[in-house]
Amino acid sequence: AYRGMAYSAAITPITSVLGIIPYLGGIVGLAWMIYLLVLVSIEVHDIKPKTAWIAFGIMGAVLAMMSLSAEVAGRKMAQNMEQWEIEMQSAERQAKQFEDMSPEEAGEAVGKFLKGFSQNVEK
């Protein structure tokens, strides 16, 4: 079992490089790990090949779905963060405008905001 894990650790740099490829890299590394786990289970623990393939195949399929789901969620989150960054920059520009206003202009702006706010609340 130790030797099997050592073999899987030896190819970690290769699977890390494959991780650059979106979606496919993680799946290839996972498939290699499952293959080695099946071989170790058959040779070291004397588990029947069919049983090992079924057990580790199911675990591999679940892990592959989780990996793909995490990658899709990560990409969506990155897109949302880019949009949020644009909105924050716009808010900073608007805040900067208020810093340059005189007290009278700021009072008028607040009055317009409250008037618009009350009109929307009444609707």
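Quick note: structure is the one above.
Rules used throughout
- Residues numbered from 1 in each chain as written.
- Predicted model: local features only at pLDDT ≥ 70, side-chain atom pairs only at ≥ 80, totals over all residues.
- Heavy atoms only, no water.
- Helix = DSSP H or I, 4+ residues; strand = E, 2+ residues; numbered from the N terminus.
- Rg over C-alpha atoms; globule rule 2.2 N^0.38 Å.
- Buried < 20%, exposed > 50% of the residue type's maximum accessible area, 1.4 Å probe, protein only.
- Areas by Shrake-Rupley, 256 points an atom, 1.4 Å probe, with all protein chains shown as cover.
- Lys, Arg positive; Asp, Glu negative; His and termini not counted.
- Charge placed at Lys NZ, Arg CZ, Asp CG, Glu CD.
- 1 Å grid on protein atoms, 1.4 Å probe; cavity = no way out; pocket = protein on both sides within 12 Å on 5 of 7 lines; lining within 4 Å.
- Points joined across faces, edges and corners; volume = space filled by probe spheres on them.
- Nonpolar A, V, L, I, M, F, W, Y, C, P; charged D, E, K, R; others polar.
- Salt bridge = Lys/Arg side-chain N within 4 Å of Asp/Glu carboxyl O.
- Patch = residues over 30% accessible without salt bridge, like charges linked within 9 Å, V, L, I, M, F, W, Y side chains within 5 Å.
- Axes fitted to C-alpha atoms, helices over the stretch in contact; angles between N-to-C directions.
- Parallel < 35°, antiparallel > 145°, perpendicular 65-115°, else oblique.
- Left-handed = near helix turned anticlockwise from the far one by under 90°.
- Contact = heavy atoms within 4.5 Å.

Caption draft 1: Representation of the overall build of the protein chain in the model. Broken down by element type, the protein chain carries five helices and zero strands. Overall, the protein chain shows an N-to-C arrangement of helices and strands of α-α-α-α-α. For a compact globule of 123 residues, the expected C-alpha radius of gyration is about 14 Å, and the protein chain comes in at 28 Å, more than 25% above that figure. For the protein chain, the spread of C-alpha atoms along the three principal axes comes to 85 × 35 × 20 Å. Looking at the 123 residues of the protein chain, the share that counts as buried comes to 14%. Only carbon and sulfur atoms are counted for the fraction: they give 66% of the accessible area of the protein chain, which is about 9800 Å². In the protein chain, the 10 positive side-chain charges and the 13 negative ones have mean positions that sit 13 Å from each other.

Caption draft 2: Examining the layout of surface pockets more closely. For the largest pocket, the calculated volume is near 170 Å³. In this structure, the largest pocket is lined by Ala1, Arg3, Gly4, Tyr7, Leu36, Leu39, Val40, Glu43 and Val44. Residue assignment for the lining of the largest pocket shows that the elements contributing at least two residues are helix H1 (2–10) and helix H3 (24–43). Broken down by element, the residue count for the lining of the largest pocket peaks at four residues, all from H3. Of the residues belonging to the lining of the largest pocket, the class tally is six nonpolar, one polar and two charged.

Caption draft 3: Spatial organisation of the pattern of salt bridges. If you walk through the whole model with that rule in mind, you get one salt bridge. The closest approach of N and O atoms between glutamate 71 and arginine 75, which form a salt bridge, is 3.5 Å. Remark: arginine 75 and glutamate 71 occur in helix H4 (residues 49–99); sequence separation between them is four residues, near one turn of the helix. For glutamate 71, a relative accessible area of 23% corresponds to the partly exposed category. What makes arginine 75 partly exposed here is its relative accessible area of 38%.

Caption draft 4: Just unusual backbone geometry, in detail. You will see that tyrosine 23, though not glycine, has its phi angle at about 65 degrees, which is positive. Residue position: tyrosine 23 is located in the loop between helix H2 (12–18) and H3. The phi angle at aspartate 46 is positive, at roughly 55 degrees, despite the residue not being glycine. Looking at the element boundaries, aspartate 46 is found in the loop between H3 and H4. Residue aspartate 46 is classed as exposed on the basis of its relative accessible area of 64%.

Caption draft 5: Region of the structure containing a nonpolar patch on the surface. A cluster of nonpolar side chains, namely Ile54, Ile58, Val62, Leu63, Met65 and Met66, defines an oily patch on the protein surface of about 590 Å² accessible area. Relative accessible area serves as the criterion here: at 51%, methionine 66 is assigned to the exposed category.

Caption draft 6: Spatial organisation of the packing of H1 against H3. Their axes nearest at 9 Å, the elements H1 and H3 cross at an angle of 165 degrees. In terms of orientation, H1 lies roughly antiparallel with respect to H3. Classified by chirality, the crossing of H3 by H1 is right-handed. Residue-level contacts link Gly4, Met5, Tyr7 and Ser8 of H1 to Met33, Leu36, Leu37 and Val40 of H3. Partitioned by chemical class, the residues of the contact of H1 with H3 number six nonpolar, two polar and no charged.

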